[in-house]
Amino acid sequence: MNNTASSNNTPAPETLNTTSTPPTWLERDIAKVKPQPSHPLTAVETEPSSQCSSCHTVITNTALNFNSYVCPHCDHHLTMTARDRLNWFFDSIEQELGQEFNSTDPLGFVDSKPYPTRLQQAQDKTEETEALVSMIGQLKNLQLVACAFDFRFMGGSMGSVVGDRFVQAGELALDKGIPLVCFAASGGARMQEGLLSLMQMARTGAIIERLKQAGVPYLVVLTEPKAMIGFAGKRVIEQTVRETLEEPFQRAEFLLEHGVIDQVVHRHQLIDTIHRILAKLTRVNL
Ligand SMILES: [Zn+2]
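Here's what I pulled together on the structure shown here. (Residues numbered from 1 in each chain as written. Predicted model: local features only at pLDDT ≥ 70, side-chain atom pairs only at ≥ 80, totals over all residues. Heavy atoms only, no water.)

1. Section: the environment of Leu-142
By secondary structure assignment, the location of Leu-142 is in strand E5 (residues 142–149). C-alpha of Leu-142 to C-alpha of Gly-170: the two residues are 28 residues apart in sequence and 16 Å apart in space. (Helix = DSSP H or I, 4+ residues; strand = E, 2+ residues; numbered from the N terminus.)

Here it is in structure tokens:
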């Protein structure tokens with residue numbers, strides 16, 4: 001009896017199902033995808049851009065160029081190629097020097113690759129013929145000779161041609177009695193040229209001494225704040241002395257405190273600083 005009564009009051013489950021059958025997953029309405037609000041593309045999405053190696057912000061190349069390759073977000077000084085640096089430094093360029101010197105392979109040197117192959121690859125990568133670019137031109141009211149190393153070209157290492165170009169730049173400065181400025185970013189000697197590479201130290205040292213004796217200013221710019229400066233790298237020294245060397249060992253600021261370099265200058269003030277020093281040394285009006 002109880003069973004009959006309850007079946008009268010409550011509809012059987014089958015009856016409910018026939019009135020409102022839920023759709024199968026094939027019949028179900030698909031939720032509409034909301035259209036994304038279209039935003040105007042930012043400059044870094046439409047223009048050639050680079051990423052800051054310190055804070056990883058993406059900046060357009062135009063903005064970097066206008067800011068002297070200094071990151072506008074974290075003030076990191078990005079590396080510049082030798083040619084970019086000289087184009088940035090000079091107000092006007094009279095002539096590029098040393099293009100007549102070309103590298104050869106005097107020792108027939110082969111490591112994992114033959115030296116001529118390495119040279120060709122470096123030339124293809126950098127679109128430069130060697131690791132040193134030198135030019136004569138004007139900086140404001142001063143005529144001067146400047147050269148810059150390109151670290152991308154076999155680590156800016158000094159082979160015979162780099163030596164030739166540096167000596168030529170020094171001799172021109174000496175003949176004309178105008179300053180010589182060198183932007184150094186070098187990885188040292190070029191082992192593929194063996195003793196001939198080491199000989200360049202004597203040659204370049206000799207021309208610097210001649211400039212000094214003649215009273216012609218010679219200025220070395222060790223590229224930028226936090227630049228690594230040293231004869232041998234940190235890792236090599238650690239292996240030799242068996243001690244761990246903490247930062248800021250070999251950094252520009254550390255060497256300034258210890259009297260090895262004279263100034264650490266922000267790139268935005270670098271041209272004015274170099275001009276002011278050279279004008280004083282050459283007694284030219286500022
Ligand atoms: Zn940055």
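2. Here we look at the coordination of the zinc ion
By definition of the ideal shapes, a tetrahedral metal site with four donors has angles of 109.5 degrees and an octahedral site with six donors has angles of 90 or 180 degrees. Protein coordination at the zinc ion: the donors are Cys-52 (SG), Cys-55 (SG), Cys-71 (SG) and Cys-74 (SG), at 2.3 Å from the metal. What the four donor atoms of the zinc ion show is an angle range of 108 to 111° at the metal, which sorts the shape as tetrahedral. Between consecutive donor residues of the zinc ion, the sequence gaps follow C-x2-C-x15-C-x2-C. Taken as a pair, Cys-52 in the loop between strand E1 (49–51) and strand E2 (58–60) and Cys-74 in the loop between helix H4 (61–66) and helix H5 (82–89) lie far apart in primary sequence, 22 residues in all. For Cys-52, a relative accessible area of 1% gives the class buried. (Donors = N, O, S within 2.8 Å, 3.2 Å for Na, K, Ca; no water. Tetrahedral: all angles 85-135°; square planar, octahedral: opposite > 155°, others 65-115°. Buried < 20%, exposed > 50% of the residue type's maximum accessible area, 1.4 Å probe, protein only.)

3. Points about unusual backbone geometry
The phi dihedral of Glu-127 is positive, around 60°, even though this residue is not glycine. Residue position: Glu-127 is located in the loop between helix H6 (115–126) and strand E4 (132–139). Phi at Arg-242 takes a positive value of approximately 55°, unusual for a residue other than glycine. Tracing the backbone through its elements, the reader meets Arg-242 in the loop between helix H9 (234–241) and helix H10 (252–257). Given the relative accessible area of 73%, Arg-242 is considered exposed.

4. Some points on the sheet that holds E4
Spatial strand order, E3-E4-E5-E6-E7: five strands in an open sheet with mixed pairing. Single-partner strands in this sheet number two, and they are strand E3 (92–97) and strand E7 (218–221). Adjacent strand axes in the sheet meet at a mean angle of 25°, parallel and antiparallel pairs treated alike. Sheet strands in contact with H5 are E3, E4, E5 and strand E6 (180–183), and its direction is about 160° off that of E5. (Pairing = 2+ DSSP bridges. Axes fitted to C-alpha atoms, helices over the stretch in contact; angles between N-to-C directions. Contact = heavy atoms within 4.5 Å.)

5. Brief notes about the packing of aromatic side chains
Scanning the entire structure with this criterion turns up three aromatic pairs. Where Phe-89 meets Phe-90, the ring centres are 5.5 Å apart and the plane angle is 65°; that geometry is what we call edge-to-face. Pair check on accessibility: Phe-89 and Phe-90 agree, each one buried. Pairing Phe-166 with Tyr-218 gives two aromatic rings, centres 6.2 Å apart and planes at 85°, and the pair type is edge-to-face. Taken together, the residues Phe-166 in helix H7 (residues 160–176) and Tyr-218 in strand E7 connect sequence positions 52 residues apart. (Phe/Tyr/Trp six-rings, centres within 6.5 Å; stacked < 30°, edge-to-face > 60°.)

6. Here we look at the side chain of Thr-126
Locating Thr-126 in the fold gives a position in helix H6. Judged by relative accessible area, which is 5%, Thr-126 ranks as buried. A distance of 3.2 Å separates a polar side-chain atom of Thr-126 from the backbone nitrogen of Glu-128. The contacts of Thr-126, once residues within four sequence positions are left out, are Arg-152 and Phe-153. (Polar contact = N/O pair within 3.5 Å; in protein donor to acceptor, adjacent residues only side chain to side chain.)

7. Some details on the packing of H5 against helix H11 (residues 267–281)
Helices that pack against each other are described as a pair by the angle of their axes relative to one another and the distance between those axes. Direction vectors running N to C along H5 and H11 enclose 60°, while the axes themselves pass 11 Å from each other. Considering the angle they form, H5 stands oblique to H11. Facing H5, whose interface residues are Arg-85, Trp-88 and Phe-89, H11 presents Arg-267, Leu-270, Ile-271 and Ile-274. (Parallel < 35°, antiparallel > 145°, perpendicular 65-115°, else oblique.)

8. Some details on H6
With 12 residues, H6 extends 16 Å between its outermost C-alpha atoms, agreeing within 8% with the 16 Å of an ideal straight helix rising 1.5 Å per residue. Within H6, burial applies to Tyr-115, Leu-119, Ala-122 and Thr-126. Looking straight down H6, one finds its buried side chains confined to an arc of 65°; they lie on one side. In H6, those exposed residues whose orientation departs by more than 90 degrees from the buried face are Asp-124 and Lys-125. The first or second residue beyond H6 is Glu-127, which carries a positive phi of 60°. (Expected span 1.5 Å × (residues − 1). Arc of directions from axis to C-beta.)

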